[in-house]
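Examination of the molecular architecture
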Amino acid sequence: MLFWASVAVFAAAVPMSMLYVLGYRLDENFTLQKTGGLYISSPVAGSEISIDKKIVKRTSILQSGIFVQSLRPRAYKISVKKEGYRAWEKELRVLPQSVTEARALLVPEEPNAEVRWRGKFDFLASSPFEPVFLLVEEREKGNFLTFYLPEPNEFVVFEPSDLLAASPSFKKDFELMRWRQGGAVVKLDGKIRRLSFDLSRRVFAAVLLGSESPQKTETDAEAKLTRIDGRESTKVTFNPQRRELRAFWLPDRIPPHYFQTTEELLVSADVRNFEFYPARRDAVIATFDNTVWAIEFDSRGGRIVQPLYKGKQPDFALTPGGRDLYVLDDGILIKLFLFPKEGAG
């Protein structure tokens with residue numbers, strides 16, 4: 001009798017075991033459902049990843065994320081924390097037979113900054129081609145343009161020529177028309193100047209305009225209001241009339257996890273400047289009001305918008321491929337470290 005009872009129990013248990021192995025679980029209504037998984041990663045080593053308030057992983061340089069499988073389909077509270085950084089928290093839903101993926105955007109809790117220059121600077125722009133900035137500084141005799149190398153923290157010296165004997169300056173009106181490889185085209189009190197720099201010699205000078213258009217073109221206007229990531233998969237645009245900063249998925253294929261549709265409205269505000277967040281194509285840095293913000297594309301569980309710097313009316317610049325943020329505020333040029341310095345935890 002005992003033998004046949006054991007056989008019956010075994011026979012009943014085998015199907016359930018097979019269903020468990022195949023990824024089925026009983027939900028709260030005792031209904032069998034196929035399970036799913038979560039993959040959460042963090043760009044900062046040493047981050048604590050928690051699911052429903054339980055720490056499941058501390059990341060390292062070698063392992064930046066965690067994959068958790070066999071999860072019942074439902075919403076899970078996810079948090080990624082690291083000392084010195086603002087917590088990243090979302091509620092993400094796991095679906096049957098799929099993996100829900102997310103990449104945390106961790107920004108410093110307090111600015112890790114160093115003052116580079118104190119002066120009366122009131123304009124900052126970065127070349128998309130070389131690691132050089134264009135600055136405007138107010139002086140006694142006018143407003144002067146100069147190029148600046150963030151590394152090694154040096155200004156490029158003006159070299160007089162027959163075209164322009166004194167440092168380029170203006171009294172009333174200034175406009176950056178366009179960047180060019182090795183220089184820029186500017187308008188100073190109505191006059192068009194082409195400035196060329198030699199970074200190996202740390203000098204710049206005025207050169208002939210050549211084939212450069214003296215008028216701002218449609219390409220120039222688009223360059224000011226559009227950013228495209230290095231893989232040409234994501235585009236971010238700003239519409240000044242509608243006050244809308246939007247992100248677009250470009251390829252003709254299914255969007256990644258951080259796009260719920262092929263177009264995302266990131267923020268409605270008077271955005272003064274924006275760029276892709278360093279080493280990311282799913283987040284931007286934008287400045288509006290009195291703050292420089294980090295904005296993620298992913299709207300699941302609520303889009304996370306975090307402050308990077310608060311001041312009077314800050315602007316910012318990034319070098320091509322650089323990881324550090326340069327902020328100009330109240331005439332002062334500041335370097336902000338977005339990531340741990342090499343050798344730091």
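My aim in this report is to walk through the structure given alongside it, one point at a time. (Residues numbered from 1 in each chain as written. Predicted model: local features only at pLDDT ≥ 70, side-chain atom pairs only at ≥ 80, totals over all residues. Heavy atoms only, no water.)

1. A few points about the overall build of the chain
- Regarding its fold elements, the chain presents two helices and 30 strands.
- Relative to its full complement of 345 residues, the chain shows a buried share of 44%.
- Taking the intrachain contacts of the chain between residues at least 6 apart in sequence as the baseline, contacts between residues at least 24 apart amount to 51%. (Helix = DSSP H or I, 4+ residues; strand = E, 2+ residues; numbered from the N terminus. Buried < 20%, exposed > 50% of the residue type's maximum accessible area, 1.4 Å probe, protein only. Contact = heavy atoms within 4.5 Å.)

2. So, the sheet that holds strand β9 (residues 99–103)
- Within the open sheet, the three strands sit side by side as β6-β3-β9. Their pairing is mixed. Looking at which strands have only one partner, the edges of the open sheet turn out to be β6 (65–71) and β9. Strand after strand, the sheet turns through a mean of 10 degrees between neighbouring axes, direction not considered. (Pairing = 2+ DSSP bridges. Axes fitted to C-alpha atoms, helices over the stretch in contact; angles between N-to-C directions.)

3. A few points about the environment of R272
- Residue position: R272 is located in the loop between β23 (263–268) and β24 (273–276).
- Its relative accessible area of 34% is what places R272 among the partly exposed residues.
- Along the chain, R272 and P240 lie 32 residues apart, while their C-alpha atoms are 9.4 Å from each other.
- If we ignore the near neighbours within four places in the chain, the residues touching R272 are T287, F288, D289, Q313 and P314.
- Within the structure, R272 has its side chain in polar contact with the backbone oxygen of D289 (distance 2.9 Å).
- One polar contact links the side chain of R272 to the main-chain carbonyl oxygen of P314, over a distance of 2.9 Å. (Polar contact = N/O pair within 3.5 Å; in protein donor to acceptor, adjacent residues only side chain to side chain.)

4. Some remarks on the pattern of salt bridges
- Under the defined criterion, the tally for this structure stands at 23 salt bridges.
- For R246, the salt bridge is made with E244, and the minimal N-O distance between the two is 3.0 Å. (Salt bridge = Lys/Arg side-chain N within 4 Å of Asp/Glu carboxyl O.)

5. What about the nonpolar core?
- Counting residues in hydrophobic clusters, the biggest one holds 37 residues, and the most contacted among them are I40, W88, Y277, I285, L308 and L325.
- Listed in part, the 21 residues of the second largest apolar core include V132, L134, L145 and L195. (Core = buried A, V, L, I, M, F, W, Y, C linked by side-chain atoms within 4.5 Å.)

6. Some thoughts on unusual backbone geometry
- The peptide bond linking E151 to P152 adopts the cis configuration, its omega dihedral lying at 25 degrees.
- Secondary-structure assignment places P152 in the loop between β13 (142–149) and β14 (154–158).
- Phi is positive for A279, close to 65 degrees, though the residue is something other than glycine.

7. So, the packing of aromatic side chains
- On inspection of all chains with the given rule, the structure shows 18 aromatic pairs.
- Taking the centre distance of 5.2 Å and the plane angle of 75 degrees together, the rings of F133 and Y326 count as edge-to-face. Residue F133 is found in strand β12 (residues 133–139), and its partner Y326 is found in strand β29 (residues 324–329); the two are separated by 193 residues along the sequence.
- Judged by its relative accessible area of 0%, F133 is buried.
- Given a relative accessible area of 3%, Y326 falls into the buried group.
- With centroids separated by 5.6 Å and ring planes inclined at 45 degrees, the aromatic side chains of Y258 and F259 adopt a geometry described as tilted. Pair check on accessibility: Y258 and F259 agree, each one buried. (Phe/Tyr/Trp six-rings, centres within 6.5 Å; stacked < 30°, edge-to-face > 60°.)

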